[in-house]
Amino acid sequence: MSEKMAQTAAGAGSDFDRLTLDWYIDKLVQALVFIGGISAIVFIIGIFVFISREGFGFLLGEFNFKEFFFSPNWRPTSETKETFGILALVAGTASVTGLAMLIAIPFSLGAAIFIAEFASGKTREFLKITVELLAAIPSVVWGFIGLAIMNPIIIETFDVPVGLNVLNAGVILGLMAAPIMTSIAEDALNAVPDPYREAAEAMGATRWQVIYKVVLPAAKNGLLGAVLLGVGRGFGETMAVLMATGHSINIPTSVFDSVRALTATIAAELGETAAGSPHYQALFTIGIFLFVITFIINLAADLVVRGVKKG
Amino acid sequence: MNNTTGSQDAGLAIHTEKLNLWYGTFQALFDVDLKIKQGIITSMIGPSGCGKSTFLRSVNRINERLGYVRITGAIDVMGENIYAPGVELVQVRKQIGMVFQRPNPLPISIRENVLFGHRIHNAATKTSKSEADDIVEGALKTVLLWDKVKDRLDTKATGLSLEEQQKLCIARLLPVKPGVLLMDEPCSALDPKGTEAVEELIWELRGQYTILIVTHNMAQARRASEECIFMLMGKVVEHSDTGKMFVTPENKETSDYIEGRYG
Ligand SMILES: Nc1ncnc2c1ncn2[C@@H]1O[C@H](COP(=O)(O)OP(=O)(O)OP(=O)(O)O)[C@@H](O)[C@H]1O
Ligand SMILES: [Mg+2]
């Protein structure tokens, strides 16, 4: 028996190193996929290296940790003394993002629950497509809505002198982040296996009880991931906040104060600085800061979403 | 109470008359007339696709969540028409517990799984911690699971073995004291040892609950039930004492199936 097997194996041996066309195609595709995968990483590292290098001079020279993070004065072009404090900018970004999340979280969770758990058939398809369309609206359009529509409305309704402020940008950013959050939250709800719902319903739970006692807890990580992604989006958004915040440096004390965001500062000022000047480098340092923050948020979102599949 | 089967027979747990069911345009049940007695174990056998699950699911009314199911005829449970217009689904499902083919504990703690039904049906009154503890202990002891899990009641139920999960799925029905337990192939996802354990448990519950159990396992039907129903292509072919059905079946189809000449 074993002799016979050995013979067969030996007989086939001559064929073992024969390479077919399929083998080459397989190798080629593998190589292409590898290059594609690796290049994404290379680009990200490249971008980070570039930003770091541009900002490095500042970090090593003029950079003053205390001033940079704790001074509300961003006066990069002052004649007497240039100050590079980003506290007010951070406050601007944080207040706008915070308000945006206050608006986007209930909206997007509500929409996701409706689409995933209640809507069916045509309604559901229609809503899903609508949400995806909304997610595709370019941010400059949102900025324009803030500038041209929200601005006068806010001035009228609240009787304030300017309508370009935290409220305006928060609402705009909230509406902007809601569709993508809805989409991800809906995926999270759809990932909850149906037998869970069936089991709960068979025990007499109502639709709503099924949702808040079973579906939401089961989808909790995915939903948290959706929220974190929304926060990341808000942090990194530039155009819309540039247009809707009023772009004035301020630590806001009410939603009617104009503010300025980190991203908008870079966008607005980079073009006017001399390459290599302290101002230029300071802007790149803000870039590094944003990069690190968004990276942390996205990483957290990713870890949280992945947690859902394990647990 | 219009449109009941007419018999207020106290001895009947489930009584259907001329029950027809359609999934969309496909008819899955044809004129099913069944009288299932209280307090005993009735098994339901028949080839795949003959409508066993469909029948069970319409007794718990869980079929309705599909949205395209239509029913004619009557189903009385404990003498009450569960399809009467004023009937509350929640109450129906409290009376009629269901165990599924694949164990489906909820992705929450063992303790919360056991208390799930209880909390739903006693939403108005607050259950004290000690009451809850008693309920959990009682239910888990009944299903012979207490000793195994008593030290990890707060861990996720989905981490238990399949056998333990299925026992838990039975345990969580008990706190609301259902009259009827419907079990759809409760052992088919289990290994022989788990099957034996769950079968033993079902036998233990005999008398306290009316049990209707679907099985593909002839030996199980024979061992574990007092009456037996044989279905074929959406119709009831035979319903008699298990002993009698397995020794002297009335119909040729029944004997063919029992002797393994069907799929
Ligand atoms: N959700 C559904 N939609 C449409 N048809 C269905 C649905 N569920 C079951 N059916 C059909 O109804 C018939 C009866 O199915 P059912 O699941 O009740 O059979 P069963 O006796 O439980 O079979 P098995 O032993 O395989 O579990 C089958 O022909 C099946 O294809
Ligand atoms: Mg079935």
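Residues numbered from 1 in each chain as written. Chains lettered and ligands numbered in written order. Predicted model: local features only at pLDDT ≥ 70, side-chain atom pairs only at ≥ 80, totals over all residues. Heavy atoms only, no water.

Concerning the nonpolar core
In globular proteins that are soluble, nonpolar side chains generally tend to be buried together.
Piece 1. In this structure, B:Leu106, B:Phe116, B:Leu140 and B:Ile211 are the most contacted members of the largest nonpolar core, which totals 56 residues.
Piece 2. Those residues in contact with B:Phe116 that sit more than four places away from it in its chain are A:Ala200, A:Met203, A:Ala205, A:Lys213, A:Val214, B:Leu106 and B:Ile108. (Core = buried A, V, L, I, M, F, W, Y, C linked by side-chain atoms within 4.5 Å. Buried < 20%, exposed > 50% of the residue type's maximum accessible area, 1.4 Å probe, protein only. Contact = heavy atoms within 4.5 Å.)

Comments concerning a nonpolar patch on the surface
Residues and elements named next belong to chain A.
Piece 1. On the surface, a cluster of nonpolar side chains totalling about 880 Å² of accessible area is made up of Leu28, Leu32, Phe34, Ile35, Ile38, Ile41, Val42, Ile45 and Val49.
Piece 2. Examined against the element boundaries, Leu32 turns out to sit in helix 2 (residues 21–60).
Piece 3. Judged by its relative accessible area of 53%, Leu32 falls in the exposed class. (Patch = residues over 30% accessible without salt bridge, like charges linked within 9 Å, V, L, I, M, F, W, Y side chains within 5 Å. Areas by Shrake-Rupley, 256 points an atom, 1.4 Å probe, with all protein chains shown as cover. Salt bridge = Lys/Arg side-chain N within 4 Å of Asp/Glu carboxyl O. Helix = DSSP H or I, 4+ residues; strand = E, 2+ residues; numbered from the N terminus.)

So, the domain arrangement of chain A
Residues and elements named next belong to chain A.
Piece 1. Domain annotation of chain A identifies domain 1 (2–60) and domain 2 (87–306).
Piece 2. Averaged C-alpha coordinates put domain 1 and domain 2 at centres separated by 38 Å.
Piece 3. Summed over both sides, the interface between domain 1 and domain 2 buries roughly 900 Å², with carbon and sulfur atoms accounting for 81% of that surface.
Piece 4. On the domain 1 side of the contact with domain 2, Ile51, Glu54 and Phe58 bury the most area, a combined 54% of that side's loss.
Piece 5. At the boundary of domain 1 and domain 2, one finds zero salt bridges. (Domains from an automatic or database assignment. Buried area = accessible area lost by both parts, 1.4 Å probe.)

Structural notes on the interface of chain B and chain A
Piece 1. Opposite the 23 residues of chain B that make contact, chain A presents 18 residues.
Piece 2. For the pair chain B and chain A, the summed buried surface comes to about 1700 Å²; carbon and sulfur atoms form 61% of the total.
Piece 3. It is B:Arg65, B:Phe116 and B:Ile120 that lose the most area in chain B upon contact with chain A, and together they represent 33% of the buried surface on that side.
Piece 4. One can count four salt bridges joining chain B with chain A.

Looking at empty space enclosed by the protein
Which parts of space are left empty comes out when a probe the size of a water molecule is rolled across the atoms.
Piece 1. Within this structure, the stated rule accounts for two cavities of 30 Å³ or more.
Piece 2. What lines the largest cavity is simply A:Met203, B:Arg93, B:Lys94, B:Gly97, B:Gly117, B:His121, B:Arg172, B:Leu173, B:Val176 and B:Pro178.
Piece 3. Taken together, the elements giving at least two residues each to the lining of the largest cavity come down to helix 2 (89–95) and helix 3 (110–121) of chain B.
Piece 4. The residue inventory of the lining of the largest cavity, partitioned by class, reads four nonpolar, three polar and three charged.
Piece 5. As a volume, the second largest cavity reaches approximately 30 Å³.
Piece 6. Lining the second largest cavity, in full, are A:Gly92, A:Thr93, A:Val96, A:Thr97, A:Leu173, A:Gly234, A:Phe235, A:Glu237, A:Val241, A:Ala261 and A:Thr263.
Piece 7. Contributions of two or more residues to the lining of the second largest cavity are made by helix 4 (87–118) and helix 10 (220–236) of chain A.
Piece 8. A per-element tally of the lining of the second largest cavity places helix 4 of chain A first, with four residues. (1 Å grid on protein atoms, 1.4 Å probe; cavity = no way out; pocket = protein on both sides within 12 Å on 5 of 7 lines; lining within 4 Å. Points joined across faces, edges and corners; volume = space filled by probe spheres on them. Nonpolar A, V, L, I, M, F, W, Y, C, P; charged D, E, K, R; others polar.)

Concerning the pairing of strand 2 (residues 26–37) of chain B
Residues and elements named next belong to chain B.
Piece 1. Of the strand pairs in this sheet, strand 1 (residues 12–23) and strand 2 are connected by eight bridges, and their pairing is antiparallel. Across the sheet, residue Leu19 finds its bridge partner in strand 2, namely Val32.
Piece 2. Between strand 1 and strand 2, which pair antiparallel and follow one another directly, the connecting turn spans two residues, one of which, Gly24, has a positive phi of 65°. (Pairing = 2+ DSSP bridges.)

A closer look at the layout of surface pockets
Piece 1. Approximately 610 Å³ is the volume found for the largest pocket.
Piece 2. Breaking the lining of the largest pocket down by element, the ones donating at least two residues are helix 4, helix 8 (194–202) and helix 9 (207–218) of chain A together with helix 2 of chain B.
Piece 3. The element that contributes the greatest number of residues to the lining of the largest pocket is helix 8 of chain A, accounting for four residues.
Piece 4. Taken together, the residues of the lining of the largest pocket sort by class into nine nonpolar, four polar and ten charged.

As for the site of ligand 1
All names here are of chain B.
Piece 1. Around ligand 1, the surrounding shell holds 14 residues, and the nearest of these are Ser48, Gly49, Ser53, Thr54 and His216.
Piece 2. Note that a nitrogen atom of ligand 1 is positioned 3.2 Å from one of the side-chain N or O atoms of Tyr68.
Piece 3. Burial of ligand 1 by the protein chains amounts to 67% of its free accessible area of 630 Å².
Piece 4. For the shell around ligand 1, the elements supplying multiple residues, two or more each, are strand 2 and helix 1 (52–59).
Piece 5. The biggest single contributor to the shell around ligand 1 is helix 1, with three residues.
Piece 6. The class makeup of the residues in the shell around ligand 1 is six nonpolar, six polar and two charged. (Near = heavy atom within 4 Å. Polar contact = N/O pair within 3.5 Å; in protein donor to acceptor, adjacent residues only side chain to side chain.)

What to know about helix 7 (residues 192–205) of chain B
All names here are of chain B.
Piece 1. Relative to the 20 Å expected for 14 residues at 1.5 Å per residue, helix 7 spans 20 Å between its end C-alpha atoms, a close match to the ideal helical length.
Piece 2. Those residues of helix 7 that fall on the buried side of the exposure criterion are Gly194, Thr195, Ala197, Val198, Glu199, Leu201, Ile202 and Leu205.
Piece 3. Considering only its buried residues, helix 7 is in contact with strand 3 (41–45), helix 4 (129–142), helix 6 (162–171), strand 7 (180–184), strand 8 (210–214) and helix 8 (218–224).
Piece 4. At the exit of helix 7 stands Gly207, carrying a positive phi of roughly 95°. (Expected span 1.5 Å × (residues − 1).)

Some remarks on the sheet that holds strand 9 (residues 227–232) of chain B
All names here are of chain B.
Piece 1. The strand order 6-7-8-3-9-10 describes an open sheet built from six strands, whose pairing is mixed. Strand pairing shows two members of the sheet lacking a second neighbour, strand 6 (96–99) and strand 10 (235–241), which therefore form its edges. Averaged over all pairs of adjacent strands, the angle between their axes in this sheet comes to 15°, without regard to strand direction.
Piece 2. Note that strand 9 and strand 10 share six bridges and pair antiparallel. Residue pairing across strands places Ile229 opposite His239, the latter belonging to strand 10.
Piece 3. Strands strand 3, strand 6, strand 7, strand 8 and strand 9 of the sheet are contacted by helix 1, whose axis makes an angle of about 150° with strand 7. (Axes fitted to C-alpha atoms, helices over the stretch in contact; angles between N-to-C directions.)

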